[in-house]
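# Coordinates in review
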Amino acid sequence: MAQVKNADPNYKVIAENRRARFDYAIEEDLECGIILEGSEVKSMRQGGSNIAESYAAVEDGELWLVNSYVAPYDQAKTFRHDERRRRKLLVSRKQMAHLWNETQRKGMTLVPLVLYFNHRGMAKIKIGVAKGKKNHDKREASAKRDWSRQKARLLKDHG
């Protein structure tokens, strides 16, 4: 019997913002690098982070991740990191200009979707350019999702 090998042994999802797809209509997404301290990377490898209440902002020509949580790393005694510090995100100048244009002129929001280690073991974050949904849009999406589940259940039972 042949063993199936994992395609990317380094790829690992650290934190996912599942609420973002419900609260926002995501127009496009973009992969960004993130500047971290050593204790933050080790804490993330243990799975201690959250991006649910965070957002990204363009300030002074730089992209920042605000209000993201990375749990303290117990073995780091002298070089501890601040859990909710602002973290700089790395994008090209062209992408930065595009993001600034979307947020300042069109009123879009930058929402973190998923924080992960890529196939090379580098920490990356996927940012979504999004517009906030109104309550009726959320109800409509919820009704559509419920109907598709119900339809699938009916087809499975009576198929």
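Residues numbered from 1 in each chain as written. Predicted model: local features only at pLDDT ≥ 70, side-chain atom pairs only at ≥ 80, totals over all residues. Heavy atoms only, no water.

In the nomenclature of an unreviewed UniProt entry, the protein chain is known as SsrA-binding protein of Pseudosulfitobacter koreensis. Note on the protein chain: under the UniProt heading Subcellular location (unreviewed entry), the record states "Cytoplasm". Quoted verbatim from the Sequence similarities (unreviewed entry) field of UniProt, the annotation for the protein chain is "Belongs to the SmpB family." (UniProt positions renumbered as here; feature names shortened; annotations may be inferred.)

Looking now at the overall build of the protein chain. Secondary structure summary: the protein chain contains four helices and nine strands in total. Along the chain direction, N to C, the helices and strands of the protein chain fall in the order β-α-β-α-β-β-β-β-β-α-β-β-α. Relative to the 2.2 N^0.38 estimate, which gives 15 Å for 159 residues, the radius of gyration of the protein chain is 19 Å and therefore markedly larger than a compact globule would have. Dimensions of the protein chain, computed from the C-alpha atoms along their principal axes, are close to 60 × 55 × 30 Å. When the 159 residues of the protein chain are sorted by exposure, 35% land in the buried category. Across the protein chain, every contact between residues at least 6 apart in sequence was considered, and the portion connecting residues at least 24 apart equals 69%. Element-wise, carbon and sulfur atoms account for 48% of the exposed surface of the protein chain, whose accessible area totals about 10800 Å². (Helix = DSSP H or I, 4+ residues; strand = E, 2+ residues; numbered from the N terminus. Rg over C-alpha atoms; globule rule 2.2 N^0.38 Å. Buried < 20%, exposed > 50% of the residue type's maximum accessible area, 1.4 Å probe, protein only. Contact = heavy atoms within 4.5 Å. Areas by Shrake-Rupley, 256 points an atom, 1.4 Å probe, with all protein chains shown as cover.)

Right, let's talk about the pattern of salt bridges for a bit. For the structure on display, the rule yields eight salt bridges. The partner of Glu40 in a salt bridge is Arg87, with the nearest N and O atoms 2.9 Å apart. Of the two residues, Glu40 sits in helix α2 (residues 38-45) while Arg87 sits in strand β7 (residues 87-90), which places them 47 residues apart along the sequence. In this pair, the class of Glu40 matches that of Arg87, namely buried. Here the residues in one salt-bridge network are Glu37, Glu40, Arg85 and Arg87, joined through shared partners. (Salt bridge = Lys/Arg side-chain N within 4 Å of Asp/Glu carboxyl O.)

Turning next to the environment of Pro9. Mapped onto the fold, Pro9 is located in the segment before β1 (12-16). Accessibility expressed as a relative area gives 66% for Pro9, which makes it exposed. Spatially, the C-alpha atom of Pro9 lies 9.2 Å from that of Arg120, the residues being 111 residues apart in sequence.

Let us look at the nonpolar core. If you look at soluble globular proteins, the nonpolar side chains tend to sit buried side by side. Formed by 24 residues in total, the largest nonpolar core has its most connected members in Leu63, Leu89 and Leu110. With four residues, strand β9 (residues 123-132) is the single largest residue contributor to this core. When sequence neighbours within four positions are dropped, the list of residues in contact with Leu89 reads Cys32, Gly33, Ile34, Ala56, Leu63, Trp64, Leu65, Ile125 and Ile127. (Core = buried A, V, L, I, M, F, W, Y, C linked by side-chain atoms within 4.5 Å.)

Per the stated rule, a full pass over the model turns up one aromatic pair. Judged by centre distance (5.5 Å) and plane angle (40°), the rings of Tyr11 and Tyr116 are tilted. One end of the pair, Tyr11, is in the segment before β1; the other, Tyr116, is in strand β8 (residues 109-117), and 105 residues separate them in sequence. Assessed through its relative accessible area of 41%, Tyr11 is described here as partly exposed. For Arg45, the ring lying beneath its charged end belongs to Phe117, and the centroid distance is 3.9 Å. The ring of Trp64 is capped by Arg86, whose NZ or CZ atom sits 4.6 Å from the centre of that ring. (Phe/Tyr/Trp six-rings, centres within 6.5 Å; stacked < 30°, edge-to-face > 60°. Lys NZ or Arg CZ within 6 Å of the ring centre and 35° of its normal.)

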